[in-house]
Amino acid sequence: MDTMANSRTKPEPDHGSHGHAVPLVYQRALPMSPGKVAIWLFLSTEIMFFTALIGTYIVLRFGAPGGTWPTPAQVGVVEWLGALNTFVLICSSMTIVFAYEAAKSDRVRSARSWLLATMLLGLVFLGIKGVEYKSKYSHGIYPRFPRSLMHDRADLYFVSNFSSQLKQRIADEEAFSNQSPKQAVATLERLYLIQTGLVNWTEKKVGMSDDPQMKRLALESFAHQIHPLSKRPDIDKYLADEQTELMQEQQQLVTQQEQLESDLATAQQQLATLSDEIAQLESDRKSLVDDDGNFPEPGEPEQQRKAQLESTEQKAKSITESISSLNQQLNPIQRRLEAHSAFNQLEKGINEHFHLKLPMVIPSGNTWANTYFLITGFHALHVVIGIIVFLLLLPLELNRRRAKVMENVGLYWHFVDIVWIFLFPMIYLF
């Protein structure tokens, strides 16, 4: 029985056409090397990892309220840089294949050259990505708790945060102006105008208005002047109407001020005349000294002049107070009109035009920044790991014996490139 069982487990010989036995060889495990099995298992976990990241981005992207997810232009994403990085990685996929083929053919020098080219292309990719990251940080677009320079909506909290950071910037510039006054004069005047003509005006407008629509337009116009995201005809109309109204109001106040100043000049002239008349009457009265050396009592003309003097002084004081009140009304209007003239025509906004790193409104901007830096950061980390592996392989003899190692490294690098092929259109084009 044991003999019969053993005979059943042995493979039957296969007889060819001439009756000769052909030996059969059975593969006891998977038809690939252990190294390739390991790399495919590793890549399967990486696929799940990046699928989770990309899926999270998609859920957040399409779960955001309509029209609030930032476009590439609004967050400083440059499409041609992403396209260039895509081209660089595609070229690196070619060079790693050339390195593998050279290693299979025992062309050691050629394999090392192609591997070095792959590593250099990976470094170029990281360099371009570093330029992009630097651009984001220079514009205040980066993840930071509780927020970077980005606010999700224009509200009073945004205005308050902007005002506090602007005041700090003004204090820094004032300290610098003590050392180099000529260079800081223009910058300080600009910052003062932003504070008085934009921040203070918006806070006053929102605080005094009972109209929700007017409050919304005031806040959104403020945010638009700081960092415009797109063309806003409604805000352009609001600002144009406001400028027209302010110019009319300014003209009325200036007319009133001119009239009051004319009245004040007349009153001051009357005061001077009355003072001279009183002084003359006092002089005439004091010249009439009696035998005991006493002056006579003031006469009726002198008393009338003094009463007129007091009345005119009160009138002049009232006019002066009215002029001061008009100036208090006129000064913010003039500063607001100056802000209109200085800032309304800036296409890129105050932050970008004057290189100010101050808070701005980008709806869903913080969510975008968190996902952008998370996904691209992990991808860049995988590129760094690949470059480290290339550095470890370069000193070795890249011949036929190490071809399988080169193949496994190439599979990893192809995976990194494929991930970027998904990230490029998702981040840079939509």
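Residues numbered from 1 in each chain as written. Predicted model: local features only at pLDDT ≥ 70, side-chain atom pairs only at ≥ 80, totals over all residues. Heavy atoms only, no water.

**Student:** Got a minute to help me understand unusual backbone geometry in this structure?
**Tutor:** Leaving glycine aside, a negative phi is the common case for residues, and trans is the common case for peptide bonds. Phi at Asp106 is positive, roughly 60°, even though this residue is not glycine. Looking at Asp106, the relative accessible area reads 39%, which means it is partly exposed. Notably, Ser364 is not glycine yet its phi reads approximately 60°, a positive angle. Secondary-structure assignment places Ser364 in the loop between β4 (360–361) and α11 (365–393). Classification of Ser364 by relative accessible area gives buried; the value is 14%. (Buried < 20%, exposed > 50% of the residue type's maximum accessible area, 1.4 Å probe, protein only. Helix = DSSP H or I, 4+ residues; strand = E, 2+ residues; numbered from the N terminus.)

**Student:** Explanation requested: a nonpolar patch on the surface in the structure shown.
**Tutor:** On the surface, Ile90, Met94, Val97, Phe98, Trp114 and Ile421 cluster together to form a nonpolar patch covering roughly 500 Å² of accessible area. Following the sequence through the fold, Met94 ends up in helix α3 (residues 79–104). Residue class for Met94 comes out partly exposed when judged on its relative accessible area of 45%. (Patch = residues over 30% accessible without salt bridge, like charges linked within 9 Å, V, L, I, M, F, W, Y side chains within 5 Å. Areas by Shrake-Rupley, 256 points an atom, 1.4 Å probe, with all protein chains shown as cover. Salt bridge = Lys/Arg side-chain N within 4 Å of Asp/Glu carboxyl O.)

**Student:** I would appreciate a short explanation of the packing of aromatic side chains in the present structure.
**Tutor:** The geometry of two aromatic rings is summed up by the distance between their centres and the angle between their planes. Counting across every chain of the model gives 20 aromatic pairs. Ring geometry for Trp420 against Tyr428: centres 5.9 Å apart, planes inclined by 65°, an arrangement best described as edge-to-face. Just as Trp420 is buried, Tyr428 falls in that class too. The positively charged end of Arg61 is found above the aromatic ring belonging to Phe62, 5.2 Å away from the centroid. (Phe/Tyr/Trp six-rings, centres within 6.5 Å; stacked < 30°, edge-to-face > 60°. Lys NZ or Arg CZ within 6 Å of the ring centre and 35° of its normal.)

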